[in-house]
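For reference, the chains in residue letters:
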Amino acid sequence: MQADAPILFFDSGVGGLSVLQPARALLPRAAIVYAADSAGYPYGKRSEAEIASRVPALLGRLVERFRPRLAVIACNTASTIALDHVRAALDLPVVGTVPAIKPAAEQSRTRVIGVLGTEATVRQPYVDDLASRFAADCTIVPHGSPDLVDLAEAKLAGDTISVADVRAAAQPMFNAAGDSRIDTVVLACTHFPLLADELREAWPDVAYVDGGAGIARRIAFLTRKQPWPAQLPLGIAVFTAPPRATLLGALDRFGLDDVRVL
Ligand code: DGL
């Protein structure tokens, strides 16, 4: 294993940065390639067939180009639909993103859990399977919100977004719970932890759970005993369509200073 072999993070847009952040905290010297399929964004509105063919093909190109030691599908939509296809196509460890229903069920007191994801994620049988395995005694209230994905992209690109916008996008989930009180919300889209401040302000009594920290621990475990570069390497961000210029500041804050278009 080459010390400078990077870890590849993959998402449709900026959502995977919410996974990159805790991973970087655990592995500060890891070389990073962050890939955003901005030409395919938003995944949440795409069909299963499109995602199942697009994601493994694109990851194949990225792996050939950057020779990562490990790939992280930092996207719930791509993981719940295409993880098996990607693992079958690539000859390297692949870490996926699973909606954090299990930890949510471990902490919910009201036993009513909201699952906030993309439209594509919340319709996956994979999510029902997690719910029946780990939250059988809970009421699960799923909600797919393309608006929240767009709000996270806008926020990172420096646009002003309001708590009212975030509240309007997630309110239908709370309405759907009727008289039952949702006390725990699974952020089942990697874009949504980027809106954690706004969500907390909108619903301060709710606990928000995402998979970022667990994924970071998994990456650290899989790469234990591997060598890392002596010097802090540059972080590379690769987009499939040119990003907005105003996004560069946020990428820099996440340690991604070399921005390219694939
Ligand atoms: N970040 C993504 C997820 O975790 C996808 C958002 C989108 O492109 O719709 O599901």
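Residues numbered from 1 in each chain as written. Predicted model: local features only at pLDDT ≥ 70, side-chain atom pairs only at ≥ 80, totals over all residues. Heavy atoms only, no water.

Novice: Please explain the layout of surface pockets as it appears in this structure.
Specialist: Where empty space is left can be seen by rolling a probe of water-molecule size over the atoms. Here the largest pocket defines a volume of roughly 410 Å³. For the largest pocket, the lining is made up of 22 residues, of which Val98, Pro99, Ala100, Pro103 and Gly211 are closest to its centre. Looking at the lining of the largest pocket, the elements that each hand over two or more residues are helix H3 (76–89), helix H4 (101–107), helix H6 (125–134) and helix H10 (212–222). When residues of the lining of the largest pocket are assigned to their parent elements, the largest contribution, five residues, is made by H10. Considering only enclosed or pocket space, the second largest pocket measures out at about 260 Å³ in volume. Residue lining of the second largest pocket: 16 residues in total, with Ser38, Tyr41, Glu153, Arg244 and Leu247 positioned closest to the centre. Take the lining of the second largest pocket: its biggest share by element is three residues, from helix H7 (residues 146–156). Within the lining of the second largest pocket, the residues separate by chemical class into 10 nonpolar, three polar and three charged. (1 Å grid on protein atoms, 1.4 Å probe; cavity = no way out; pocket = protein on both sides within 12 Å on 5 of 7 lines; lining within 4 Å. Points joined across faces, edges and corners; volume = space filled by probe spheres on them. Helix = DSSP H or I, 4+ residues; strand = E, 2+ residues; numbered from the N terminus. Nonpolar A, V, L, I, M, F, W, Y, C, P; charged D, E, K, R; others polar.)

Novice: What am I meant to see in the packing of helix H1 (residues 17–26) against H10 here?
Specialist: Any two packed helices are characterised by the angle at which their axes cross and by the distance between the axes. Running from N to C, H1 and H10 cross one another at 45 degrees; their axes reach a closest spacing of 8 Å. Relative to H10, H1 is oriented oblique. Crossing geometry of H1 relative to H10 is assigned as right-handed. The residues of H10 that touch H1, namely those facing Ser18, Val19, Pro22, Ala23 and Leu26, are Gly212, Ala213, Ile215, Ala216, Arg217, Ile219 and Ala220. Here the residues of the contact of H1 with H10 sort into nine nonpolar, two polar and one charged. (Axes fitted to C-alpha atoms, helices over the stretch in contact; angles between N-to-C directions. Parallel < 35°, antiparallel > 145°, perpendicular 65-115°, else oblique. Left-handed = near helix turned anticlockwise from the far one by under 90°. Contact = heavy atoms within 4.5 Å.)

Novice: How do you make sense of the site of the ligand when you look at a structure like this?
Specialist: Neighbouring residues of the ligand: 14 residues in total, closest Ser12, Tyr43, Asn76, Thr77 and His191. A distance of 2.8 Å separates an oxygen atom of the ligand from a polar atom in the backbone of glycine 44. In the model, a nitrogen atom of the ligand is placed 2.7 Å from a nitrogen or oxygen of the histidine 191 side chain. More than half of the atoms belonging to the ligand lie within 2 Å of the grid points that define the largest cavity. Tallied by class, the residues present in the shell around the ligand amount to six nonpolar, seven polar and one charged. (Near = heavy atom within 4 Å. Polar contact = N/O pair within 3.5 Å; in protein donor to acceptor, adjacent residues only side chain to side chain. Sits in = over half its atoms within 2 Å of the grid points.)

Novice: Would you mind going over the side chain of arginine 46 with me for this structure?
Specialist: Inspection of the secondary structure puts arginine 46 in the loop between strand E2 (32–36) and helix H2 (48–66). Leaving out residues up to four positions away in the same chain, arginine 46 has contacts with Ala39, Gly40, Ile51, Ala120 and Arg123.

Novice: Whenever I open this one, the sheet that holds strand E7 (residues 184–187) confuses me. Can you help?
Specialist: Backbone-to-backbone hydrogen bonds join strands into a sheet, with any given pair of strands oriented parallel or antiparallel. Across the sheet, four strands lie side by side as E6-E5-E7-E8; this open sheet has parallel pairing. Each edge of the open sheet carries a strand with a single partner, namely strand E6 (139–144) and strand E8 (207–209). Adjacent strand axes in the sheet meet at a mean angle of 25 degrees when their direction is disregarded. Strand direction decides the pairing type here: strand E5 (residues 112–117) and E6, joined by six bridges, are parallel. Across the sheet, valine 112 pairs through a bridge with threonine 139, a residue of E6. Against the sheet, helix H8 (residues 163–176) engages E5, E6 and E7, with an angle of about 155 degrees to E6. (Pairing = 2+ DSSP bridges.)

Novice: I'm lost on the sheet that holds E2 in this one. Help?
Specialist: The six strands lie next to each other as E4-E3-E1-E2-E9-E10, forming an open sheet whose pairing is parallel. In the strand order of this sheet, the two ends are held by strand E4 (94–95) and strand E10 (256–261), each with one partner. Pairing of strand E1 (residues 7–11) with strand E3 (residues 70–73), which is carried by four bridges, proceeds in the parallel orientation. Counterpart to leucine 8 in the pairing with E3 is alanine 71. The strands that H2 touches are E1, E2, E3, strand E9 (235–239) and E10; relative to E1, the one it contacts most, it runs at about 155 degrees.

Novice: When you look at a positive patch on the surface in this model, what are you seeing that I'm missing?
Specialist: Taken together, Arg87, Arg218, Arg224 and Lys225 make up a surface patch of like positive charges. Along the chain, lysine 225 falls in the loop between H10 and E9. Looking at lysine 225, the relative accessible area reads 82%, which means it is exposed. (Patch = residues over 30% accessible without salt bridge, like charges linked within 9 Å, V, L, I, M, F, W, Y side chains within 5 Å. Areas by Shrake-Rupley, 256 points an atom, 1.4 Å probe, with all protein chains shown as cover. Salt bridge = Lys/Arg side-chain N within 4 Å of Asp/Glu carboxyl O. Lys, Arg positive; Asp, Glu negative; His and termini not counted. Charge placed at Lys NZ, Arg CZ, Asp CG, Glu CD. Buried < 20%, exposed > 50% of the residue type's maximum accessible area, 1.4 Å probe, protein only.)

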